[in-house]
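Given next are the chains, with one letter for each unit.
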Number of protein chains: 2
Amino acid sequence: MKTYDLKFDLRDARNLSLVMDFYELTMSQVYFNEGRQDQVVTFDYFYRKNPDNGGFAIFAGLEELIGYIQNLHFNEEDIFYLQSLGRFDEKFLDYLRHFIFTGNVYAVKEGTVVFPNEPIIRVEAPIIEAQLIETALLLCCNHQSLIATKANRVVRASKGRSVLEFGARRAHNFDAANYGARAAYIGGVFGTSNTKAGQMFHMPVSGTMAHSFIQSYPSEYEAFVAYAKHFPKETSLLLDTYDTLNSGLLNAIRVHKEVLLPQGNYLQSVRIDSGDIAYLSKRIRERLDAEGMQDTKIIASNSFDEYIIKSLIDQGAKIDVFGVGENLICSKSSPVFGGVYKLSSIKEEDGSYTPKIKVSDNAIKLTNPGKKELYRVYCLKNGKALADLLTLSHEVLNEEEDLVIYHPQDVWKFKTIEKGTYRLERLLVPIIEHGNLVYDCPSLEDIRKHANASRETMWDEILRFEYPQEYYVDLSKELLDLKLSLLESVRKK
Amino acid sequence: MKTYDLKFDLRDARNLSLVMDFYELTMSQVYFNEGRQDQVVTFDYFYRKNPDNGGFAIFAGLEELIGYIQNLHFNEEDIFYLQSLGRFDEKFLDYLRHFIFTGNVYAVKEGTVVFPNEPIIRVEAPIIEAQLIETALLLCCNHQSLIATKANRVVRASKGRSVLEFGARRAHNFDAANYGARAAYIGGVFGTSNTKAGQMFHMPVSGTMAHSFIQSYPSEYEAFVAYAKHFPKETSLLLDTYDTLNSGLLNAIRVHKEVLLPQGNYLQSVRIDSGDIAYLSKRIRERLDAEGMQDTKIIASNSFDEYIIKSLIDQGAKIDVFGVGENLICSKSSPVFGGVYKLSSIKEEDGSYTPKIKVSDNAIKLTNPGKKELYRVYCLKNGKALADLLTLSHEVLNEEEDLVIYHPQDVWKFKTIEKGTYRLERLLVPIIEHGNLVYDCPSLEDIRKHANASRETMWDEILRFEYPQEYYVDLSKELLDLKLSLLESVRKK
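As recorded in an unreviewed UniProt entry, chain A goes by Nicotinate phosphoribosyltransferase and comes from Breznakia blatticola. Its UniProt record, at the heading Sequence similarities (unreviewed entry), says of chain A: "Belongs to the NAPRTase family." Quoted straight from UniProt, the Catalytic activity (unreviewed entry) entry for chain A says "5-phospho-alpha-D-ribose 1-diphosphate + nicotinate + ATP + H2O = nicotinate beta-D-ribonucleotide + ADP + phosphate + diphosphate".

Take a look at the structure:
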């Protein structure tokens, strides 16, 4: 665990505070003018649907969000800009000048497996503060959770083979390349081609040569020799510039034997980037093995995603490392993570919380009201996760008693988990309290390990790609009753 | 036209130089060690397929790329990081310490309508320099061209109604929110909800209130009154928190009559964000008109894209402004712009350029060899674009002669355009020469106007959404002959 003050993190040198939907500011001015700036509220961050029709998501983006919140301020340039719009009062702008975040943030740890409709982040803060962080909270967590989840799908499809993230050139701009690589690492990729991500996040970088390198030499063989000469310990040769089997492969074997072996080195790997990858990889493996080059690995890249990788493995392709580009970094088949941020309660002067619900004709769009906690229920016998449970924050759970959990929409469905067979984990941990960072941000390595461990607690039926079992995200009786009574009172109005 | 030195632009305060695929650096070390650092090459940026099966794309991202190139340098922190990887020689690192870009960049103007397989950017530079800018060039231009193109589709589907970009919360991180909003503006949206984009790019921002604002008041009416009181000139009320027609609309009318009108103000707009938008908008319009509120606009938002907007208009929906979020900012239906960067020639010591071609079994993946120019051929009679033409740079075209252009793959197809019926525009203009910015970056407003003007020169058949006509991107006889002869010689090898 490393701890550092994100306020001095170089990554945050730029001023991103105004990356907020304009309505956050207009609403805030109304709250301010009405004297409501000290009114405390709670908001929940949650999402409604797993990407790619999968069974879960991996939460990521928390550290970036912490950086945003810790740095959130309005400098004179920002104030000047807001002034220029002619919509804001001087008193409110003066309030913004001195703005700092003073609220509380509770969140699931980065890397944790999460499910639809459960609070992944709970913000408790004066209403303006809670509102002003909305856009950045959504943006950081939606983006990184999307990519971590996608990367994990690709990694699982690869069944133990390494996956490298190669997508920077197709990412949705610089941050998407950098933070996308970070999220992909949380999801399980082995490294990235993006050098900046390596520098920023201390994750492995890799890469060797492009077709242009080979084309820039009079012959493929000369290009290979030049590379092997200058990187004798890390030679990886790209085979498909002219003709993979009849030129690239033969030249690579020749370089191995004529240049590398005599100096005690070894051709580390060959890479193919086009053609019928299943067929080519098998022919390459046969030939390399026949030449005694069993330790030379085969890297393949060519618009892969989890489905193509699964198909290649099913076909018996001989690939040791998959390089995955645009389909991962843009999560092409499912490019939007639809996380939302909804008001759940308002704190009254007596310290109690008045629950709020957002109604909708669509049952799945109803929110869960009140200030809540999130628990994961594990089976004591095998350590697997049985269900997640939402309760109101004041509820006290006792592992010495049977646990009864209720379906959030189908109110006749409930489930009893017998005492002595389960344990509970409280998933929302304190991140920021009274504006101060109280959380030791884990290293990226530790987040990655946590993601893997969290996934290990899930049943295979949740993890499968096609029609996964829907994981239980259930409610306590008290929360269910509250939800139903609020719905009734809204309908009566 | 505004001109400024991007080196001092605040946007570039952060150090993005290392956002490059690691192989750019390993290749560069080989070039350096082999004494090839002064060898000049040309690279082309082009793409192969229009997003969303459309008929064209809108090029964007150039200004951001200029910023990257102008700021490209390796500071001690970068050198230290590269050193730590144990792959680079001190001499090469010392070269990087003093690195600046000294080459030439020619590009199509931002906002121009472009087509597959034509060079949108041509880089002429010493080989290391040309290589080190590859990743950022692709990333900036792929991202912004994707979003500008998508936004333009949405804007065209809206048939003259305003479109607002509302997607920051679902963007792929901060840059995607900011530069995505910029690109959307080039594509024709009227403004953005992202305050930072407004500040950075001087584009209009807008936004009013969220559901949470209304929920935070004891009643919808009180929330509306509070907003109207503090923004009497810009009141826009969100109708669908409880019940659009039976509550939101009635309260909005009441606030208009009881609060706004008596003070000489007017309810600017109402917004709906859920439910059957076609039906609701018609009922709202009827009622507003019946109340004499013809000038109150209807804003709608709800996971729109060009297809849903077209359908809404076909159904007679009464919407004045479309707010478009994730489907625009992530280009959800087509989230990858597959631009590539390919070596086209190597400059010899005598000053001539040896053309290079990248072969492939797939005809569409063959590159066009040589240092090239790109022309747009316009019909003199109606000003419409007839075709684009690629030539070798040394070719001289004469508008006083018939123009004969050749299909790039189907070599038996050619077309003669008679002298006196056409004019030529050279599309690649000098941006950077000998490392110096020689281009006056237009204002964003001017880029947006140029995008619109460029699109106006296109036939409707190119612009249509379903099965657009394929625009001619043809070759000169000399370029075609060169391509065929290079292919033959590669095959012979």
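Caption draft 1: Main features of the relation of the copies chain B and chain A. Each copy superposes on the other: chain B lies on chain A with an RMSD of 0.0 Å after a rotation of 180 degrees and an axial shift of 0.0 Å. This pairing of chains is accounted for by a two-fold axis. Mapped onto chain A, 100% of the interface residues of chain B again fall at the interface, so both copies present the same surface.

Caption draft 2: Highlighting the pattern of salt bridges. Evaluation of the coordinates by the stated rule reveals 66 salt bridges over all chains. For A:Glu118, the salt bridge is made with A:Arg376, and the minimal N-O distance between the two is 3.8 Å. With A:Glu118 in the loop between β4 (113-114) and β5 (121-126) and A:Arg376 in strand β14 (residues 372-379), this pair connects stretches of sequence that are 258 residues apart. Residue A:Arg376 is classed as buried on the basis of its relative accessible area, which comes to 0%. Measuring nitrogen to oxygen at the nearest pair gives 3.1 Å for the salt bridge that ties B:Asp94 to B:Arg97. One end of the pair is B:Asp94 and the other is B:Arg97, both in helix α4 (residues 90-97) and three residues apart, which spans about a single turn. Three or more residues are tied together by salt bridges with common partners; here these are A:Arg122, A:Glu124, A:Lys371, A:Glu373 and A:Arg426.

Caption draft 3: Spotlight on the domain arrangement of chain A. Parsing chain A into structural domains produces domain 1 (6-147 + 335-492) and domain 2 (207-324). Computed over C-alpha atoms, the centres of domain 1 of chain A and domain 2 of chain A are 46 Å apart.

Caption draft 4: Fine view of the interface of chain B and chain A. Listed per partner, the contact involves 101 residues of chain B and 101 residues of chain A. Of the roughly 8,600 Å² buried at the junction of chain B and chain A (both faces included), carbon and sulfur atoms supply 57%. Put simply, chain B and chain A have 12 salt bridges between them. Partitioned by chemical class, the residues of the side of chain B that touches chain A number 49 nonpolar, 28 polar and 24 charged.

Caption draft 5: Seen up close, the packing of helix α7 (residues 174-187) of chain A against helix α15 (residues 444-456) of chain A. Residue and element names in this part refer to chain A. α15 packs onto α7 with a crossing angle of 45 degrees between their chain directions and a minimal axis gap of 7 Å. With respect to α15, the element α7 is oriented oblique. Residues Arg182, Tyr185 and Ile186 of α7 form the contact with α15, whose own contacting residues are Leu444, Glu445, Ile447, Arg448 and Ala451. Per-class residue counts for the contact of α7 with α15 are five nonpolar, no polar and three charged.

Criteria and cut-off values
Residues numbered from 1 in each chain as written. Chains lettered and ligands numbered in written order. Predicted model: local features only at pLDDT ≥ 70, side-chain atom pairs only at ≥ 80, totals over all residues. Heavy atoms only, no water. UniProt positions renumbered as here; feature names shortened; annotations may be inferred. Least-squares fit on C-alpha atoms with pLDDT ≥ 70 in both. Contact = heavy atoms within 4.5 Å. Salt bridge = Lys/Arg side-chain N within 4 Å of Asp/Glu carboxyl O. Helix = DSSP H or I, 4+ residues; strand = E, 2+ residues; numbered from the N terminus. Buried < 20%, exposed > 50% of the residue type's maximum accessible area, 1.4 Å probe, protein only. Domains from an automatic or database assignment. Buried area = accessible area lost by both parts, 1.4 Å probe. Nonpolar A, V, L, I, M, F, W, Y, C, P; charged D, E, K, R; others polar. Axes fitted to C-alpha atoms, helices over the stretch in contact; angles between N-to-C directions. Parallel < 35°, antiparallel > 145°, perpendicular 65-115°, else oblique.

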